[in-house]
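# Survey of secondary and tertiary structure
Residues per chain are reported as follows:
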Amino acid sequence: MSTLLITATALEAAPLKALPWRARPFPLGELYALPGGLYLAHLGVAKVNTAAGLALALQQLAPEAVVQFGVGGAFAASGLPLGGVAVASGEVHMDTGVQLERGWQDMEALGFPLLPGPPPRFNHFPTDLALSAALAEAARAPRVLFGTSECVTGSFGAAARLYARFGAAIESMEGAAAAQVCAALKVPFAEVRGVSNRVGERDKARWDLPGAVRAVNAALKAFLDL
Ligand SMILES: O=C(O)c1cccc(C(=O)CC[C@H]2O[C@@H](n3cnc4c(=O)[nH]cnc43)[C@H](O)[C@@H]2O)c1
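In the nomenclature of an unreviewed UniProt entry, the chain is known as Futalosine hydrolase of Truepera radiovictrix. Check the Sequence similarities (unreviewed entry) section of the UniProt entry for the chain; it says "Belongs to the PNP/UDP phosphorylase family. Futalosine hydrolase subfamily." If you open the UniProt record of the chain and go to Pathway (unreviewed entry), you find "Quinol/quinone metabolism; menaquinone biosynthesis."

## Topic: the overall build of the chain
Helix and strand counts for the chain come out as 6 helices and 12 strands. Taking 2.2 N^0.38 as the reference for a compact globule, 226 residues should give roughly 17 Å; the C-alpha atoms of the chain span a radius of gyration of 17 Å, in line with that estimate. Taken over 226 residues, the chain has a buried fraction of 45%. A separation of at least 24 residues holds for 75% of the contacts in the chain among residues at least 6 apart in sequence.

## Description of the UniProt feature "domain: Nucleoside phosphorylase" (unreviewed entry) in the chain
Sequence positions flagged by UniProt for "domain: Nucleoside phosphorylase" (unreviewed entry) are, in local numbering, residues 38–222. End C-alpha atoms of residues 38–222 are separated by 15 Å, and the span's content is 36% helix alongside 28% strand.

## A closer look at unusual backbone geometry
Omega for the peptide link from glycine 117 to proline 118 comes to 15 degrees, which places this bond in the cis form. For proline 118, the location among the structural elements is in the loop between helix 2 (107–110) and strand 9 (124–126). Residue proline 119 is bonded to the preceding proline 118 through a cis peptide linkage, with omega at -5 degrees. Relative to the helices and strands, proline 119 is located in the loop between helix 2 and strand 9. Of note, alanine 46 is a non-glycine position whose phi angle comes to about 85 degrees, a positive value. Looking at the element boundaries, alanine 46 is found in the loop between strand 4 (38–42) and helix 1 (47–61). With 18 C-beta atoms packed within 10 Å, alanine 46 lands in the partly exposed category. The phi dihedral of arginine 140 is positive, around 50 degrees, even though this residue is not glycine. Assignment of secondary structure puts arginine 140 in the loop between helix 3 (129–139) and strand 10 (143–148).

## What about the site of the ligand?
Taken together, 17 residues surround the ligand, and among them Ala8, Gly73, Glu171, Ser172 and Met173 come closest. Element by element, the count of residues in the shell around the ligand is highest for strand 5 (residues 65–74), at 4 residues. Of the residues assigned to the shell around the ligand, the class counts are 6 nonpolar, 9 polar and 2 charged.

## With respect to the pairing of strand 5
Counting buried residues along strand 5, 9 of its 10 residues qualify, which places the element largely inside the surrounding structure. In this sheet, strand 5 lies alongside strand 1 (residues 3–7) in parallel orientation, the contact comprising 4 bridges. Among the inter-strand pairings, isoleucine 6 is bridged to a residue of strand 5, identified as glutamine 68. Relative to strand 12 (residues 189–198), strand 5 is paired through 9 bridges, and the arrangement is parallel. Within strand 12, the residue paired with phenylalanine 69 across the bridge is valine 192. Relative to strand 11 (residues 170–172), strand 5 is paired through 2 bridges, and the arrangement is antiparallel. For glycine 73, the partnering residue across the bridge sits in strand 11 and is glutamate 171.

Definitions and cut-offs
Position numbers for residues start from 1 in each chain and track the written sequence from start to end. A pLDDT threshold of at least 70 governs which residues receive local features in this predicted model, and a stricter bar of 80 or more applies before side-chain atom pairs are shown or counted, although totals over entire chains, interfaces and linings include all residues. UniProt positions are given in the numbering used here, feature names are shortened, and annotations may be inferred rather than shown by experiment. A helix here means a DSSP run of H or I that spans at least four residues, while a strand means a run of E at least two residues long, and both kinds are numbered starting from the N terminus. Taken over C-alpha atoms, the radius of gyration is set against a globule rule of 2.2 Å times the number of residues to the power 0.38. To assign burial, the other C-beta atoms lying within 10 Å of each residue's own C-beta are counted, with C-beta atoms placed from the backbone; 20 or more indicates buried, 12 or fewer indicates exposed, and intermediate counts indicate partly exposed. Contacts are defined on C-beta atoms placed from the backbone: any two residues whose C-beta positions lie within 7 Å are in contact. Being near a molecule or strand means, for a residue, that its C-beta atom, positioned from the backbone, comes within 6 Å of it. Basically, the charged four are Asp, Glu, Lys and Arg, the nonpolar ten are Ala, Val, Leu, Ile, Met, Phe, Trp, Tyr, Cys and Pro, and anything else, Gly included, counts as polar. Note on pairing: DSSP must find at least two bridges between two strands before they are called paired.

Here it is, written out as structure tokens:
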């Protein structure tokens, strides 16, 4: 099966880079290929870079599946430890909507689906069940809801409010954008992340980026049999 792996940054894929990748010309980010139909792209941080780069890569490569991987914050109530790994059961845009004086409302309240459907998709986007189940089994990781914030959550109070609203276990800056593009173009999509920090933690000394990168790359290698 031809598979496109996507990350935001080269750092998140550093352990995989030991493989003999060949660079491909690509105007938005970096693109690499291995013989046999495995591709790796670094598309940049946050939703616009992800959506633009992924749409272009899908048109260029027509892969049969997309797997997004990287690091992410875990909400305290999720119970996921630093250096742990989780697979997305679905994705939700956590800050696309309207901020009113009386609180935040989602795209359904605004009346604009992000994808017309059917079914219309407002803030939530699916991941592919079979692909995600295989990834979770190989990674020995739980499948939990992931959420995406364009604006990183920077306090524990804000993190608790976001958890109460969505119940997502992991926060990233890219996941829902990739899930939305794959839903629009009908490409099976899965996502796996290593936990680098608690959502809301601003003290970088309390993050474990290297541990999260190691863990998610090991999970991906197990899934791809590399
Ligand atoms: O310095 C910061 O405030 C900062 C905030 C988030 C991420 C970073 C990174 O260095 C990694 C970039 C990458 O990490 C994902 N990520 C990791 N933790 C979180 C989080 O708590 N909330 C949202 N995103 C997170 C994100 O997908 C970035 O692409 C530095």
